[in-house]
Amino acid sequence: MADNVNYRSMLPPGTLLRRGMYRVERYLGSGNFGNTYVVSSPNYNRPLAMKEFFLNGYCFRGRDGRTLTLSPTADQQTFLVQREKFKKEALRLRGLRSQHVVHVHDMFEEYATVYYIMDYIDGESFADLLERTHTPLPEAQALNVMYQILDALDEIHRKQIWHLDMKPDNVMVDRNTGKVVVIDFGASKQMGQQGRYTGTTGILCYTPGFAPIEQVSQDLDSVGPWTDFYALGATLYNLLTNEMPPSFTQLQERKTVKFPSGVSKPVRNLILWMMSPNRAQRPQSVAAIYGYIAQNMKDSQQQQQYIGPSPQQQYIGPSPQQQLRPGQQYIGPTPQSNPNNPIGNISGRPSQRPSSLHPNGVKKPWSQKTALIAMGIILGVILLLVIIMSSSRGGLY
């Protein structure tokens, strides 16, 4: 990403921001709307990432090498609209609480532009991984990635946010933990309380091959969770094949979609379902996808393996039961339905019954030892009565 970059347009290492709270350590990369750096801070014991709003083709550095200056030929209104959009991106990210969404810690304005501080992910995107290895992921590993993306989408969609740019470039894997993290919300849209989008522009950005027809045709009223699910299906296809996903035209014309032999039929059907040209025929929620998985992909779930540092950090995606929301029904065995667990002990340990009961619930008969003790007590009482009676008779004579 850093190739063919004009480093004179980047903040130099050692630059201090927010009154010395953050120090630029090195440049990471650039996009059309900003530059990203690794920064350090005395308030954190780990490196952080900092994103700077820097509109490509509109901005350059002033004489101090830090302050942003707008090009005389640039449209100032476009610059202001995009800067506001950049702020909204930071605010959306800051409100999300998922371990699989990059977390934003701070946002501020300095050097005539906007910055936000987020977690630094020491790893690579799956696009870079596929390019480096030239090898698609095995099905179990690709499903592992999908489950973690679904966790991110569940949180994103709860906040009425649509990512709208899901693709392997925007999904990273941490090389230290193996955790998958969704990044780059620059194309995202958020639905407001009045059912209207809160963005500053109605333009829908998209990546060819990973966007459905409603997004490509700029039909803002038709985008929703199903738009992200189309992109998720395309992403899963790319991970499994290392090839570009089929276009929505190919899918609409029902042309055969080729899969490697190692991709199971349930996974193929899941991808085709998510990538349905008709948005009404795609999954409408994360819960719907987990419902499909629960009914059709049990073997795939069992075969999943997480590549990480320790079993404690293993993440294979929440089970369908754990994903339930109020009003949703889980179709599957309950703890009480376990024939070896009739009282619903979900710990997996044998159920504890009172010692006075047989397993069939009938009271235990007395043991021989107990019967002998009782008989001895009775004989002792009889003998005592005989002695008392004998003593009484002697006294009368």
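Note that the structure is a prediction, hence the values are computed from the model and not measured.

Q: So what's going on with helix 1 (residues 76-94)? Residues and values would help.
A: Between its first and last C-alpha, helix 1 extends 27 Å over 19 residues, near the 27 Å set by a 1.5 Å rise per residue. Where helix 1 begins, the side chain of Asp75 points an oxygen toward the backbone nitrogen of Gln77, at a separation of 3.1 Å.

Q: I'd like a description of the packing of helix 5 (residues 225-241) against helix 7 (residues 265-274), backed by residues and values.
A: One way to put it is that helix 5 packs onto helix 7 with a least axis distance of 7 Å and a crossing angle of 140°. Considered as vectors, helix 5 and helix 7 are oriented oblique to each other. Of the two elements, helix 5 crosses helix 7, and the hand of that crossing is left-handed. Between helix 5 and helix 7, the contacting residues are Phe229, Tyr230, Leu232, Gly233, Leu236, Tyr237 and Leu240 on the first element and Val267, Ile271 and Met274 on the second. Residues that form the contact of helix 5 with helix 7 fall into these classes: 9 nonpolar, 1 polar and no charged.

Q: Can you tell me about the sheet that holds strand 2 (residues 22-30), naming the residues and giving the values?
A: Spatially, 6 strands are ordered 1-2-3-4-8-7 in an open sheet, and the strand pairing comes out antiparallel. Each edge of the open sheet is held by one strand with a lone partner, namely strand 1 (16-17) and strand 7 (104-110). Helix 1 rests against strand 4 (48-53), strand 7 and strand 8 (113-119) of the sheet, and its axis sits at about 155° to strand 7.

Q: Explain unusual backbone geometry to me, and be specific about the residues and the numbers.
A: One non-glycine residue, Arg18, lies in positive phi territory at about 55°. Its location among the elements puts Arg18 in the loop between strand 1 and strand 2. The class of Arg18 is partly exposed, set by a relative accessible area of 34%.

Q: Describe in detail a nonpolar patch on the surface, supporting the description with residues and values.
A: A contiguous nonpolar patch, built from Ile373, Ile377, Val381 and Leu385 and spanning about 380 Å² of accessible area, is present on the exposed surface. Position of Leu385 relative to the elements: it lies in helix 10 (residues 368-396). A residue is classified by how much of its surface remains accessible, and Leu385, at 48% relative accessible area, is partly exposed.

Q: An account of the sheet that holds strand 12 (residues 180-182) is requested, with residue identities and associated values reported.
A: Reading across from one edge, 9-11-12 is the order of the 3 strands in this open sheet, with antiparallel pairing throughout. The sheet is open, and its two borders are formed by strand 9 (123-125) and strand 12, each paired with just one other strand. The mean angle between the axes of side-by-side strands here comes to 30°, regardless of whether they run parallel or antiparallel. Across the sheet, helix 2 (residues 126-133) touches strand 9, strand 11 (171-174) and strand 12, and the angle it forms with strand 9 is around 90°.

Q: How would you summarise the packing of aromatic side chains if you had to cite specific residues and measurements?
A: A complete count under the given rule lists 9 aromatic pairs for this structure. Ring plane angle 70° and centroid distance 6.2 Å describe the contact between Tyr27 and Tyr37, whose orientation is recorded as edge-to-face. Residue Tyr27 is located in strand 2, and its partner Tyr37 is located in strand 3 (residues 34-40); the two are separated by 10 residues in the primary sequence. Look at Tyr27 and you get buried, because its relative accessible area is 13%. With a relative accessible area of 0%, Tyr37 lands in the buried category. Ring centres of Tyr237 and Phe259 lie 5.4 Å apart, and the angle between their planes is 75°; on these two criteria the pair is classed as edge-to-face. Of the two residues, Tyr237 is situated in helix 5 and Phe259 in the loop between helix 6 (248-252) and helix 7; the sequence distance between them amounts to 22 residues. Aromatic rings pair up to connect Phe53, Phe79, Phe86 and Tyr116 into one cluster.

Cut-off values and rules
- Residues numbered from 1 in each chain as written.
- Predicted model: local features only at pLDDT ≥ 70, side-chain atom pairs only at ≥ 80, totals over all residues.
- Heavy atoms only, no water.
- Helix = DSSP H or I, 4+ residues; strand = E, 2+ residues; numbered from the N terminus.
- Expected span 1.5 Å × (residues − 1).
- Polar contact = N/O pair within 3.5 Å; in protein donor to acceptor, adjacent residues only side chain to side chain.
- Axes fitted to C-alpha atoms, helices over the stretch in contact; angles between N-to-C directions.
- Parallel < 35°, antiparallel > 145°, perpendicular 65-115°, else oblique.
- Left-handed = near helix turned anticlockwise from the far one by under 90°.
- Contact = heavy atoms within 4.5 Å.
- Nonpolar A, V, L, I, M, F, W, Y, C, P; charged D, E, K, R; others polar.
- Pairing = 2+ DSSP bridges.
- Buried < 20%, exposed > 50% of the residue type's maximum accessible area, 1.4 Å probe, protein only.
- Patch = residues over 30% accessible without salt bridge, like charges linked within 9 Å, V, L, I, M, F, W, Y side chains within 5 Å.
- Areas by Shrake-Rupley, 256 points an atom, 1.4 Å probe, with all protein chains shown as cover.
- Salt bridge = Lys/Arg side-chain N within 4 Å of Asp/Glu carboxyl O.
- Phe/Tyr/Trp six-rings, centres within 6.5 Å; stacked < 30°, edge-to-face > 60°.

Keep in mind these numbers describe shape, not what the thing actually does.
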